[in-house]
Amino acid sequence: MSTEEESIAAKFAVWCLRCERAYSAREFRKVDGVRLCPYPDCDGDAALDQWDWARIRHENPIYPASPLRGHFYPLHARRR
Ligand SMILES: [Zn+2]
């Protein structure tokens, strides 16, 4: 998996509750038979900690339809 800031297609985008980054719904790391968040430094579960990107965007309309890979998207975007 690349860590470059490429965008993730909106229809496949999901978000990790643990590391607050987006990835494609078909990606995961399999460790001891468990599907984990694809980011190597995160131990989030690819099912339990996975939210639809649409749900995050509903809370944060300023976020893009297609999130960037590796970018940090807090559950609640800071407001000025
Ligand atoms: Zn994660």
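Chemist: Describe the sheet that holds strand S5 (residues 50-52), listing the residues and the values that go with them.
Modeler: Strand order across the open sheet formed by three strands is S2-S1-S5, with antiparallel pairing between neighbours. Two strands bound the open sheet, and with one partner strand each, they are strand S2 (22-24) and S5. If you compare each strand with its neighbour and ignore which way they point, the axes differ by 45° on average. Both strand S1 (residues 13-16) and S2 contribute to a ladder of three bridges, which runs antiparallel.

Chemist: Requested: an account of the nonpolar core, with residues and values cited.
Modeler: In this structure, Ala13, Val14, Trp15, Ala22, Tyr23, Cys37 and Trp53 are the most contacted members of the largest nonpolar core, which totals 13 residues. Broken down by secondary-structure element, the contributors of at least two residues to this core are S1, S2 and helix H1 (53-59). The element contributing the most residues to this core is S1, with four residues. Those residues within four positions of Trp53 in sequence are excluded, and the remaining contacts are Ala10, Ala13, Val14, Trp15, Ala22 and Pro67.

Chemist: Run through the environment of Val34, naming residues and quoting values.
Modeler: Residue position: Val34 is located in strand S4 (residues 34-36). Take Val34: there are 13 C-beta atoms within 10 Å of it, and that puts it in the partly exposed class. Each C-alpha atom of the pair Val34 and Cys16 lies 15 Å from the other, and the pair is 18 residues apart in sequence.

Chemist: Which residues make up the pairing of S1, and what are the values?
Modeler: Two faces belong to every sheet, and in a regular strand the side chains alternate between them. Alternating positions in S1 separate into two faces, Ala13 and Trp15 on one and Val14 and Cys16 on the other, with burial throughout. Counted between consecutive antiparallel strands, the loop separating S1 from S2 contains five residues, among which Glu20 sits at a positive phi close to 60°. Sheet analysis places S1 next to S5, joined by three bridges and oriented antiparallel. Counted as the bridge partner of Cys16 is Gln50 from S5.

Chemist: Go over the environment of Glu6, please, and point to the residues and values.
Modeler: Mapped onto the elements, Glu6 comes out in the segment before S1. The exposure class assigned to Glu6 is exposed, which follows from the 10 C-beta atoms found within 10 Å. Remark: the alpha-carbon pair of Glu6 and Pro67, spanning 61 residues in sequence, is separated by 8.4 Å.

Reading the values: the criteria
Residues numbered from 1 in each chain as written. Predicted model: local features only at pLDDT ≥ 70, side-chain atom pairs only at ≥ 80, totals over all residues. Pairing = 2+ DSSP bridges. Helix = DSSP H or I, 4+ residues; strand = E, 2+ residues; numbered from the N terminus. Axes fitted to C-alpha atoms, helices over the stretch in contact; angles between N-to-C directions. Core = buried A, V, L, I, M, F, W, Y, C linked by C-beta atoms within 7 Å. Buried ≥ 20, exposed ≤ 12 C-beta atoms within 10 Å, placed from the backbone. Contact = placed C-beta atoms within 7 Å.

From the geometry alone we can't say anything about function, so treat these as descriptive.
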